Amino acid sequence: MTEISAAMVKQLRGRTGAGIMDCKEALGECGADMDKAIDFLRKKGLATAQKRAGRAMSEGVVESYIHMGGKIGVMVEVNCETDFVAKTDDFKEFARNIAMHIAATSPAGIVPDDVPADVLAREKDIYRAQALETGKPESVVEKIIDGKIAKFLKDVCLMNQAYVKNPDVSIADYLNEVIAKTGENIVIRRFARFQLGE
């Protein structure tokens, strides 16, 4: 059995923000392999998030972010279960980071269902024209369109986007990490992004 040192636990905790006991358990389960332990904790965070999904979230914050000398502004509402968690630095930092991410990426919605039907229809028309232009048969064109729409939704939906401060994780992964850390269900409820002149 591999010895789990305090330094290893500290390193894992620094990389994931998980609790000491969770880090120790993850390293033990993964034979002290740091990368496997990180994946273990992320999966555990996802399982925790799914368990908490049914809980009511009536607390939280409205956070704002102004960028480029007042040219772009974002307001985002992030909800949690208790006022206690809403006041923690981790929760507030998460809300600020989400507002900053929205300013940078201008998502069309939080999840794919939020993307307006007319936007999807316009994208499909563009992809169909592009595929037909290359001379592909109609049966192949539909598959091409489906693939391009899936990629489009990944790019424009907040939860699917790669987090700008750490492109190795999606916003959904980041949210699950915060849920695991706080022990409460958290949801990004809504946002508004303003850009001067638009």
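Refer to the structure printed above.
Note that the structure is a prediction, hence the values are computed from the model and not measured.

A look at the nonpolar core
Here is step 1: Counting residues in each nonpolar core, the largest one holds 27 residues, and the members touching the most others are F91, F94, I98, I186 and I188.
Here is step 2: For this core, the elements supplying multiple residues, two or more each, are β2 (72-80), α4 (83-86), α5 (89-105) and α8 (171-182).
Here is step 3: For this core, the element with the highest residue contribution is α5, accounting for seven residues.
Here is step 4: Residues contacting F94, with those up to four places away along its chain left out, are V78, Y174, L175, V178, I186 and I188.

Looking at the packing of α5 against α8
Here is step 1: Two elements in contact, α5 and α8, have axes separated by 11 Å at closest approach and are oriented at 170 degrees. It follows from the interaxial angle that α5 and α8 lie roughly antiparallel. Only I171, Y174, L175, V178 and K181 of α8 make contact with α5, whose side of the interface consists of D90, E93, F94, N97, I98 and H101.
Here is step 2: When the residues that make up the contact of α5 with α8 are grouped by side-chain class, the tally is six nonpolar, two polar and three charged.

Regarding the environment of N166
Here is step 1: Turning to its location among the elements, N166 is positioned in strand β4 (residues 166-170).
Here is step 2: The partly exposed category is assigned to N166, whose relative accessible area is 31%.

Rules of the game
Residues numbered from 1 in each chain as written. Predicted model: local features only at pLDDT ≥ 70, side-chain atom pairs only at ≥ 80, totals over all residues. Heavy atoms only, no water. Core = buried A, V, L, I, M, F, W, Y, C linked by side-chain atoms within 4.5 Å. Buried < 20%, exposed > 50% of the residue type's maximum accessible area, 1.4 Å probe, protein only. Helix = DSSP H or I, 4+ residues; strand = E, 2+ residues; numbered from the N terminus. Contact = heavy atoms within 4.5 Å. Axes fitted to C-alpha atoms, helices over the stretch in contact; angles between N-to-C directions. Parallel < 35°, antiparallel > 145°, perpendicular 65-115°, else oblique. Nonpolar A, V, L, I, M, F, W, Y, C, P; charged D, E, K, R; others polar.

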